[in-house]
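# Examination of the molecular architecture
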Amino acid sequence: KGDFVRPSYNSCGHRNCPKCQALEQVRWIESRKERLLPVPYFHQVFTLPHPLNPLILRNPKAMYDLLFASVTDALLEVATNPRHLGGIPASTLVLHTWSRDLRLHPHLHTIVSGGGLSPTGDWVASREGYLLPRRVLASLLRGKYLAGLRKLRDQGRLDLGGGCAHLADRKTFDRLLSDLYTTRWHVYAKQAFAGPENVLEYLGRYTHRTGISNARLVSHDDQSVVFRTKEKKQVALPPEEFLRRFLLHVLPPRFVKLRHCGLLAASNVNT
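To start, this report covers the structure provided alongside it. Everything numeric here is computed off the predicted structure, so don't read it as measured data.

## Some points on the sheet that holds strand E9 (residues 234-237)
Strand order in the open sheet formed by three strands is E7-E8-E9, and the pairing between neighbours is antiparallel. The sheet is open, and its two borders are formed by strand E7 (217-220) and E9, each paired with just one other strand. Strand-to-strand, the axes of this sheet are offset by a mean angle of 15°, without reference to chain direction. By the bridge criterion, four bridges tie strand E8 (residues 225-228) to E9 in an arrangement that is antiparallel. The partner of Phe227 across the bridge, within E9, is Val235. Where helix H7 (residues 239-247) meets the sheet, its contacts fall on E7, E8 and E9, and the angle it forms with E9 comes to roughly 110°.

## Some points on the sheet that holds strand E1 (residues 41-47)
Pairing in this open sheet of five strands is antiparallel, and the strands run E6-E1-E3-E2-E10 from one edge to the other. A strand with exactly one partner marks an edge of an open sheet, and here the two such strands are strand E6 (186-189) and strand E10 (258-262). Averaged over neighbouring strand pairs, the angle between their axes works out to 25° when direction is ignored. Pairing geometry for strand E2 (residues 90-98) and strand E3 (residues 104-113), over seven bridges, is antiparallel. Along E3, the bridge assignment pairs Ser91 with Val112. Those strands touched by helix H4 (residues 134-154) are E1 and E6, and its axis lies near 145° from that of E6.

Rules of the game
Residues numbered from 1 in each chain as written. Predicted model: local features only at pLDDT ≥ 70, side-chain atom pairs only at ≥ 80, totals over all residues. Heavy atoms only, no water. Pairing = 2+ DSSP bridges. Helix = DSSP H or I, 4+ residues; strand = E, 2+ residues; numbered from the N terminus. Axes fitted to C-alpha atoms, helices over the stretch in contact; angles between N-to-C directions. Contact = heavy atoms within 4.5 Å.

Rendered as structure tokens:
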């Protein structure tokens, strides 16, 4: 009787905890199985240029909300154009903010159905191995994002203090926008997934991921924290710098980092 032991694990419940998020990830995948369509799926990544990082650090919610809105608008505008797909696709968007060494690197992962619903209600399938033109998407994203950024500035909805104090000057802000208009924005596209089951497996690695998992930690002491990158390289940082980089990716309270658009938008889904 006295030898009986039963472990009782206490969860912190924080969404930046890799252990707690593992369970939430499984639950989310199970709840999404019935919403997958029996069609190929594509993976696209939309990345913000690094000159925007000071504004992002000072205004994370506004800047990330604008990224979701701009990607959604660009994606649907290109997809519904008859010259490209000609239909509304189903898409899931997930925000990631880190690079492999935990630097700030904001980007949206999108999983998009290989086809869409036409205005007449017919299903329009994408071409084999190809969904939408990357350069058109990148150009459209750039225009929409920078127009939205200018609007935020004009409405006084940007905090331009701290590391952004120099952008309080209108000419300096306009110069930043002009430079970004001439910068090539990056949209990365992968080939189609083999099937819906592969989409779920892939989504599971992105939906509830934090900046770094416990498995990547190699060692730590008073002088350094050592962790592995995806390429199995090791990065050693002073503890203060490691914590600073990790905290770059803690999102504002109640911020929704996983959203849906097109056929998966809330207005198009019954449950």
